[in-house]
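As a plain string of letters, each chain reads:
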Amino acid sequence: MKSSGATAWTRLIRLELARVMRSGGVTVAAVLLLLLGVHAGWQGNRRIQAAEDAAAAAETAYRDQLAHLVSRYPPTTEAGELLYYLALPASQPLSRLSALASGRTEVESANLRIRLLALEGQLYEQETLNPRLAAAGKLDLAFVLIALIPLFVIAVTYDIVSGERERGTWDMARLFARPRRLLAAKIGARMILVGGLVTALALAGASLVEAPLIGASPTGIDGGGRAGWAAALIALHTLFWFALCLGVATRRRSSTANAMVLVGAWVALTFLAPAVLSLANAVLHPVPEALELTVRQRQGYHEAWDLPPSETMEDFYKDYPEWSGQTVPEDEFTWAWYYAMNHRGDQAARDASLAYRDVLTQRDEWARRWSLLVPPLATRLALDRLAATDLASQLAYQDAVRRYHERLKAHFLPILFAAAPIPQVDWERVPVFEPAAPAGEPSHAGFPAAAALVLASICALLVAGIRATRAPGRTEAARFGPTDRAWRRIPGGRR
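A few points on the structure. (Residues numbered from 1 in each chain as written. Predicted model: local features only at pLDDT ≥ 70, side-chain atom pairs only at ≥ 80, totals over all residues. Heavy atoms only, no water.)

Regarding its fold elements, the chain presents 18 helices and two strands. Split into buried and exposed, the 495 residues of the chain put 46% on the buried side. In the chain, the proportion of contacts linking residues at least 24 apart, taken out of those at least 6 apart, comes to 83%. As displayed, the chain has an accessible area near 24,900 Å², and 61% of this comes from carbon and sulfur atoms. (Helix = DSSP H or I, 4+ residues; strand = E, 2+ residues; numbered from the N terminus. Buried < 20%, exposed > 50% of the residue type's maximum accessible area, 1.4 Å probe, protein only. Contact = heavy atoms within 4.5 Å. Areas by Shrake-Rupley, 256 points an atom, 1.4 Å probe, with all protein chains shown as cover.)

Structure follows, in structure tokens:
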């Protein structure tokens with residue numbers, strides 16, 4: 001009996017799947033989505049390759065610049081003069097998952113070249129972007145999976161019951177299978193179709209960027225099960241849309257009404273709600289311009305030209321008391337004094353920098369908290385966190401650059417105070433940049449969004465209810481009377 005039941009179940013799903021696939025529009029849409037996904041994966045691979053090429057170019061440029069400066073200056077030249085021009089690479093490698101969710105990589109640089117001068121202004125130096133193009137963003141796999149796949153789910157599910165009723169085949173179909181079983185077979189067939197499409201997109205993207213499906217990448221950024229959490233979130237997000245479609249499509253509405261409700265929900269959840277939350281976030285947490293930091297830093301630096309060197313050095317000794325025993329001449333230029341002037345610029349911008357960072361952090365936390373009410377946005381933010389392309393990862397990179405700048409100071413300050421010439425510097429022992437670890441544990445990034453998706457799916461089913469499997473309610477019968485068949489002529493209720 002169990003074997004015959006399983007066979008009938010399998011046959012039912014296969015027949016339904018074949019019926020859905022016979023629709024030319026479904027096949028065309030699936031092929032287009034697959035092509036878009038492959039294109040997005042290819043673009044992601046290009047971004048990663050470009051970042052790796054830029055990091056290699058920065059390292060080569062540093063070596064070439066150092067060799068040129070050493071050969072250009074006489075051996076008696078102080079090392080401080082060479083350090084004024086020397087830019088050291090500080091490149092943060094991109095994770096392979098960044099091909100899935102590009103996040104802020106389009107607008108934030110993670111390949112800075114750091115000089116020993118004032119730092120704050122250097123943190124925000126990057127190529128100028130067209131703000132309109134930057135606002136539109138670029139196509140990535142996350143957009144295809146989060147924004148476009150739900151449309152495909154809606155397209156194959158919105159008339160799952162109403163279509164049968166409008167064609168007058170629902171009652172006949174119920175003769176061959178119980179309504180719940182029939183409905184489960186219909187949904188199961190569509191989930192197999194969409195699941196196969198999503199799996200093909202994920203595998204295509206992973207193969208294009210050589211992302212590790214299990215374990216960590218050579219850079220170590222993708223470790224800790226980040227790929228697994230990303231796959232789980234994508235699966236849960238797709239299931240959420242199936243739950244929503246099932247809840248809407250099984251109510252007694254016409255196919256047209258179902259389509260309008262679901263497309264409206266898609267627009268609201270994918271675009272309108274994130275835009276409203278972003279606007280509210282901007283109003284509640286206004287962010288000062290990063291240019292203000294640069295201006296304050298430059299003011300702090302340039303004011304020092306009019307101050308006695310001893311006054312500038314006093315400010316320097318507050319942060320580096322271990323050098324308070326060293327003095328600089330009042331009537332003579334020294335590189336130690338010059339770099340202390342640059343440090344004074346960073347001191348002038350320190351409070352503004354901390355305030356700027358605090359506001360950005362508050363914005364990020366507020367957005368993550370409220371995004372749990374909007375499943376697509378919560379999924380997107382979680383994917384950005386897992387791919388280390390979110391705001392927290394960018395701030396972690398800036399912290400890593402600050403630590404690197406301090407390590408460079410600790411290495412070169414003895415040389416500057418000693419006014420050592422270039423040949424006395426051991427350039428092979430110059431500190432190298434240590435990339436920042438990804439912000440947050442994978443479970444902390446993925447669990448809130450996963451829980452929100454599960455709860456939203458349950459709510460979608462509970463609130464809407466599955467009515468197609470039930471006979472018309474007593475309320476409807478009482479409204480139209482026991483002999484009145486008018487309820488059967490309502491949209492979606494005609495037999």
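What follows deals with the nonpolar core. Core analysis: the biggest nonpolar cluster contains 62 residues, and Leu100, Ile149, Phe152, Leu233, Trp241 and Leu383 have the highest contact counts within it. In terms of residues, this core owes the most to one element, helix α10 (residues 226–249), which gives twelve residues. Within the second largest apolar cluster, 56 residues are counted, among which are Ala79, Leu116, Tyr356 and Trp427. (Core = buried A, V, L, I, M, F, W, Y, C linked by side-chain atoms within 4.5 Å.)

Our focus in this paragraph is the pattern of salt bridges. This structure, assessed with the given rule, holds 24 salt bridges. The salt bridge involving arginine 19 is made with glutamate 164; its shortest N-O contact spans 4.0 Å. Pair noted here: arginine 19 is in helix α1 (residues 2–21) and glutamate 164 is in helix α7 (residues 162–167), with a separation of 145 residues, a long-range link. Looking at glutamate 164, the relative accessible area reads 8%, which means it is buried. In this structure, the salt-bridge partner of aspartate 399 is arginine 402, at a minimum N-O distance of 3.4 Å. Placement of the pair is aspartate 399 and arginine 402 together in helix α16 (residues 391–417), with a separation of three residues, close to one helical turn. Beyond isolated ion pairs, a larger network of salt bridges with shared partners links Glu16, Arg19, Glu164, Arg167, Lys186 and Arg190. (Salt bridge = Lys/Arg side-chain N within 4 Å of Asp/Glu carboxyl O.)

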